[in-house]
Amino acid sequence: MTMGKITKAVIPAAGLGTRFLPATKAMPKEMLPVVDRPAIQYVVEEAVNAGLTDLLMITGRNKRSLEDHFDREPGLERALELKGDQGRLDLVQQASELGPIHYVRQGEPKGLGHAVLCASQHVGNEPFAVLLGDDLIDEAETLLTTMMDVQQKTGGSVIALIEVDPSEISAYGCADITAIEGEDFVRVNNLVEKPAAGEAPSNLAVIGRYVLHPSVFGVLENTEPGRGGEIQLTDALQTMAAGEGEGSGVYGVVFKGRRYDTGDKLSYLKAVITLASERVEFGEELKTWLKAFVG
Ligand code: UTP
């Protein structure tokens, strides 16, 4: 079967966000502001900029603010109109103009694999992108477009990898890969979720962008809960990497650009400072202050 153009993006945002407690006790981590926009808005904008037109967000309890953020807010819009504050009105409307977003709730946070499985009915039998709601890729990067091209070329599934210091690999899923001659993507032979430093097959870590073949749904249905009692997407991808036949095969794109995990406190702070220091309104002033502050 030939697969058509990729149009669907699945954005899982139903995790508990325990690494960011207590801020995430009553508020989703995806709503934490990065300068002046919630982290999730950058992710939705990235999907839209990559040409994806059908957006599905996986949400859960405590996540209503996510839906509100991407909805119209007529009362606020009217108040800004009356004040003649066009600048802020544009900012408010930007989020609701990103296109209709569909939502499905993951009744219980049973893992990323389970969150992706919640998208199966909506996605159907097409390849689709997955963008984790707390993982930010710099807007100047074209990672997702490259990954979609690789999916179309290979017919398998595609993951994004970054090189990390070997001491950090135990915080990530890790990929065992083989280079493919003449290609700028790699074949993924095996994946290990959060390996101990000495047991990692490489220093290539899986980050939060995927372009998946729909056969992942059948594999996820048969994937037992793994690490932490959660259904791991990594485990399903491992099965697909080892499998044969239609839709099997996992490929990796090694990403060298800027990326931030806003679900981690330190990485979140770095994201805020980096992106704020590039803002025309106050970037220079912030950098001057930072230099003086660190002495
Ligand atoms: P993480 O492992 O970073 O999310 O999942 P978490 O479980 O919320 O975070 P901590 O470790 O407790 O701080 C990666 C992505 O998968 C989503 C999360 O919302 C995040 O975008 N996720 C995770 C789900 O949608 N459902 C789940 O059951 C688990």
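Now for a look at the structure at hand.

Rules and cut-offs
Residues numbered from 1 in each chain as written. Predicted model: local features only at pLDDT ≥ 70, side-chain atom pairs only at ≥ 80, totals over all residues. Heavy atoms only, no water. Helix = DSSP H or I, 4+ residues; strand = E, 2+ residues; numbered from the N terminus. Contact = heavy atoms within 4.5 Å. Areas by Shrake-Rupley, 256 points an atom, 1.4 Å probe, with all protein chains shown as cover. Lys, Arg positive; Asp, Glu negative; His and termini not counted. Charge placed at Lys NZ, Arg CZ, Asp CG, Glu CD. 1 Å grid on protein atoms, 1.4 Å probe; cavity = no way out; pocket = protein on both sides within 12 Å on 5 of 7 lines; lining within 4 Å. Points joined across faces, edges and corners; volume = space filled by probe spheres on them. Nonpolar A, V, L, I, M, F, W, Y, C, P; charged D, E, K, R; others polar. Buried < 20%, exposed > 50% of the residue type's maximum accessible area, 1.4 Å probe, protein only. Pairing = 2+ DSSP bridges. Phe/Tyr/Trp six-rings, centres within 6.5 Å; stacked < 30°, edge-to-face > 60°. Lys NZ or Arg CZ within 6 Å of the ring centre and 35° of its normal.

1. Here's the deal with the overall build of the protein
Looking only at helices and strands, the protein has 11 helices and 13 strands in total. With the principal axes as the frame, the protein shows a C-alpha extent of 60 × 50 × 40 Å. Relative to all contacts within the protein whose residues are 6 or more apart in sequence, the contacts with residues 24 or more apart total 76%. Roughly 14,800 Å² of accessible area belongs to the protein as shown, and the carbon and sulfur atoms make up 51% of that amount. Charge separation in the protein, taken as the distance between the mean sites of 28 positive and 43 negative side-chain charges, equals 5 Å.

2. Brief notes about the layout of surface pockets
Put simply, the largest pocket is a space of about 1,400 Å³. Around the largest pocket sit 43 residues that line it, and Arg19, Lys29, Asp134, Lys194 and Asp261 are the ones nearest its centre. Looking at the lining of the largest pocket, the elements with two or more residues in it are α5 (112-117), β11 (204-212), α9 (233-242), β13 (259-261) and α10 (265-277). A total of four residues in the lining of the largest pocket trace back to one element, the largest contributor, which is β11. Here the residues of the lining of the largest pocket are counted per class, giving 16 nonpolar, 12 polar and 15 charged.

3. Topic: the pairing of strand β12 (residues 250-254)
Counting buried residues in β12 gives four out of five residues, a clear majority hidden from the surface. As paired strands, strand β8 (residues 157-163) and β12 are joined by five bridges and run parallel to one another. Each residue of the ladder has a partner; that of Leu161, found in β12, is Val254. Sheet topology note: the strand β10 (residues 186-193)/β12 ladder contains three bridges and is antiparallel. Paired with Arg187 across the strands is Tyr251, a residue of β12.

4. Brief notes about the packing of aromatic side chains
Remark: the centre distance and the inter-plane angle together describe each pair of aromatic rings, the angle taken between the planes. One pass over the structure, following the stated rule, counts four aromatic pairs. Measuring from centroid to centroid gives 5.9 Å for Phe185 and Tyr251, while their planes differ by 85°, and the two rings are edge-to-face. Within this pair, whereas Phe185 is found in the loop between β9 (173-179) and β10, its partner Tyr251 is found in strand β12, the two being separated by 66 residues in sequence. Per residue, the accessibility class of Phe185 equals that of Tyr251, and both read buried. Where Trp289 meets Phe293, the ring centres are 4.9 Å apart and the plane angle is 10°; that geometry is what we call stacked. In this pair, Trp289 and Phe293 are both assigned in helix α11 (residues 283-294), four residues apart and thus about one turn of the helix distant. On the accessibility criterion, Phe293 (59% relative accessible area) is exposed. When the ring centre of Tyr42 is taken as reference, the NZ or CZ atom of Arg37 above it lies at 4.0 Å.

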